[in-house]
Amino acid sequence: MKTIFSPLHSRRHVKTELDGGLLIEPHEKPSRAETILARVKDQALGEVLPPEEFGLEPIKRVHTADYVAFLETCWDEWVAEGKPGEAIPAVWAGRGMRHRLPKDIDGRLGYYSFAAETSISDGTFEAACASANVALTAQRLVANGERAAFALCRPPGHHAHADLFGGYCFFNNAAIAAQAFRDQGYGRVAILDVDFHHGNGTQAIFYNRNDVLTISLHGDPDLVFPHFLGFEDETGEADGEGYNLNIVYPPNTPYSIWSQGLETACQRIAEFKPDALVIALGVDTFEEDPISFFKLTSDDYLTLGQRLEQLGLPTVFTMEGGYDVDAIGVNAVNVMQGFEGKT
Ligand code: OKP
Ligand code: ZN
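Since we're looking at a predicted model, the values are computed, not measured.

This part takes up the overall build of the protein. Along the protein, the regular secondary structure elements total 10 helices and 10 strands. Here the protein, with 343 residues, has 58% of them falling under the buried criterion. Considering only contacts in the protein between residues 6 or more positions apart, those separated by 24 or more positions represent 77%. Of the accessible surface of the protein, which amounts to about 13,400 Å², a share of 50% is contributed by carbon and sulfur atoms. Positive and negative side-chain charges in the protein, numbering 27 and 49 respectively, have mean positions lying 4 Å apart.

Pasting the structure below:
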């Protein structure tokens, strides 16, 4: 399987993540991508290719033009205002307040975000664009006949809405790849999100559509991020009714339980008969992940890859979460190797 990787991911190198009242070193750090790349090479998974440049148009098929423009200039505006640290949103329109775009940079940061752990600094926009190009290049390879491709995206994407960043995400790479398939004449596309966290952005982007089936398996949002979306009674609306599926699990869920939901997801995908599949691949379901509570083992990722292959679909993998950096390379590449038949 070919891997798409951009060294420009390292342009996102923020120093802060608001966690527990402290500004800690971010969990979503550059070494994550480098560790996965090293494992791809070590295992000779296949060729590693740089992304092609697609520009902003395919990103704007999913994200609003004003949101994209905001991300492009946000850091410069922040610096121009004389702010001493990294750009962190700290105010939102709560219940009863107005969702109106303010002029001030603090107000604009809140308007375009849903969480405060995701700091912005120099290079974030460039890295997010490169990450989208990585996903789009993998999508093009698959559209041109590859059975599957691995988009080694960083920063991740599945929490990003059409006009909201948060959860370490800016552009929704999986949604952008799925929309690219649609725009190239693929009639139906399924997105299966196996990251530990709910793919709230992906769900929201396609919530009223029946041409893109969205499924997410994740930790119960009553207990974990993103807290305000991802419950099982969210099934889609209008034309999209019945085209969103959430499967939630409690703490300490092992693969033997998690895989029951995977079977439900695979059955739904088979019934939908998509023309292509996008897997939002997080490996923060790992037993040693520092911010998550599932109990998948490294071998389980081989089994997962085998099961995904059985769907028999042209498949793009977009990298999402996974924060045990020591294991992230083995775990992510195990999914690809399982897909290719390794037991
Ligand atoms: C991004 B992805 C931990 C709070 C977690 C953000 C989690 C973002 C996960 N103290 N807050 O889905 O892996
Ligand atoms: Zn996650």
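Turning our attention to the pattern of salt bridges. Inspection of every chain in the model, using the stated rule, returns 15 salt bridges. Notably, a salt bridge pairs Glu 25 with Lys 29, separated by 4.0 Å at the nearest N-O pair. Accessibility expressed as a relative area gives 53% for Glu 25, which makes it exposed. Classification of Lys 29 as partly exposed rests on a relative accessible area of 24%.

Our focus in this paragraph is the packing of aromatic side chains. A complete count under the given rule lists 16 aromatic pairs for this structure. Consider the rings of Phe 196 and Phe 294, whose centres lie 4.7 Å apart with planes at 75°: the pair is edge-to-face. Note that Phe 196 is positioned in the loop between strand E6 (189–193) and helix H7 (200–205) and Phe 294 in the loop between strand E9 (276–281) and helix H9 (298–309), a separation of 98 residues in sequence. By relative accessible area, Phe 294 is classed as buried at 0%. Each ring, one from Phe 317 and one from Phe 339, has its centre 5.5 Å from the other, and the planes form 90°; the classification is edge-to-face. With Phe 317 in strand E10 (residues 315–319) and Phe 339 in helix H10 (residues 325–339), this pair connects stretches of sequence that are 22 residues apart. The burial state of Phe 317 is the same as that of Phe 339; both residues are buried. Site record: aromatic cluster; members linked through ring pairs are Tyr 67, Phe 70, Tyr 111, Tyr 112, Phe 125 and Phe 171. Looking at Arg 188, its charged tip hangs above the ring of Phe 272, at a distance of 5.9 Å from the centre. Cation over ring: Arg 268 sits above Tyr 243, and NZ or CZ is 5.4 Å from the ring centre.

Surveying the vicinity of ligand 1 reveals the residues Asp 19, Glu 117, His 158, His 159, Gly 167, Tyr 168, Asp 195, His 197, Phe 225, Asp 284, Gly 321 and Tyr 323. Here an oxygen atom of ligand 1 sits 2.6 Å away from a polar atom, N or O, in the side chain of His 158. Separating an oxygen atom of ligand 1 from a side-chain N or O atom of His 197 is a distance of 3.1 Å. When atom positions are compared with the pocket grids, ligand 1 is found to occupy the largest pocket. Tallied by class, residues from the shell around ligand 1 come to three nonpolar, five polar and four charged.

Before going further, it helps to spend a moment on empty space enclosed by the protein. Considering all chains together, one arrives at two cavities of 30 Å³ or more under this definition. Forming the walls of the largest cavity are Ile 191, Asp 193, His 198, Gly 199, Thr 202, Gln 203, Thr 214, Ile 215, Ser 216, Asn 244 and Asn 246. Broken down by element, the lining of the largest cavity gets its largest block of residues, three residues, from strand E7 (residues 212–219). Considering only residue class, the lining of the largest cavity consists of two nonpolar, eight polar and one charged. A volume near 40 Å³ is recorded for the second largest cavity. Looking at the second largest cavity, the residues that line it are Arg 12, Val 14, Thr 16, Glu 17, Pro 26, Glu 28, Glu 117 and Tyr 168. Taken together, the residues of the lining of the second largest cavity sort by class into three nonpolar, one polar and four charged.

In this approach, a probe sized like a water molecule rolls over the atoms, and the result shows the empty space that is left. Taken as a whole, the largest pocket encloses approximately 750 Å³ of empty space. Around the largest pocket sit 34 residues that line it, and Phe 114, Ala 115, Phe 225, Pro 226 and His 227 are the ones nearest its centre. Among the elements that line the lining of the largest pocket, the one with the most residues is strand E2 (residues 17–19), at three residues. In this structure, the second largest pocket occupies an estimated 300 Å³ of space. Looking at the lining of the second largest pocket residue by residue, the class counts come to eight nonpolar, four polar and three charged.

A word on the UniProt feature "domain: Histone deacetylase" (unreviewed entry) in the protein. Mapped onto this numbering, the UniProt entry gives "domain: Histone deacetylase" (unreviewed entry) at residues 28–336. From the first C-alpha to the last, residues 28–336 spans 21 Å; its make-up is 39% helix and 12% strand.

Quick notes on the rules
Residues numbered from 1 in each chain as written. Chains lettered and ligands numbered in written order. Predicted model: local features only at pLDDT ≥ 70, side-chain atom pairs only at ≥ 80, totals over all residues. Heavy atoms only, no water. Helix = DSSP H or I, 4+ residues; strand = E, 2+ residues; numbered from the N terminus. Buried < 20%, exposed > 50% of the residue type's maximum accessible area, 1.4 Å probe, protein only. Contact = heavy atoms within 4.5 Å. Areas by Shrake-Rupley, 256 points an atom, 1.4 Å probe, with all protein chains shown as cover. Lys, Arg positive; Asp, Glu negative; His and termini not counted. Charge placed at Lys NZ, Arg CZ, Asp CG, Glu CD. Salt bridge = Lys/Arg side-chain N within 4 Å of Asp/Glu carboxyl O. Phe/Tyr/Trp six-rings, centres within 6.5 Å; stacked < 30°, edge-to-face > 60°. Lys NZ or Arg CZ within 6 Å of the ring centre and 35° of its normal. Near = heavy atom within 4 Å. Polar contact = N/O pair within 3.5 Å; in protein donor to acceptor, adjacent residues only side chain to side chain. 1 Å grid on protein atoms, 1.4 Å probe; cavity = no way out; pocket = protein on both sides within 12 Å on 5 of 7 lines; lining within 4 Å. Sits in = over half its atoms within 2 Å of the grid points. Nonpolar A, V, L, I, M, F, W, Y, C, P; charged D, E, K, R; others polar. Points joined across faces, edges and corners; volume = space filled by probe spheres on them. UniProt positions renumbered as here; feature names shortened; annotations may be inferred.

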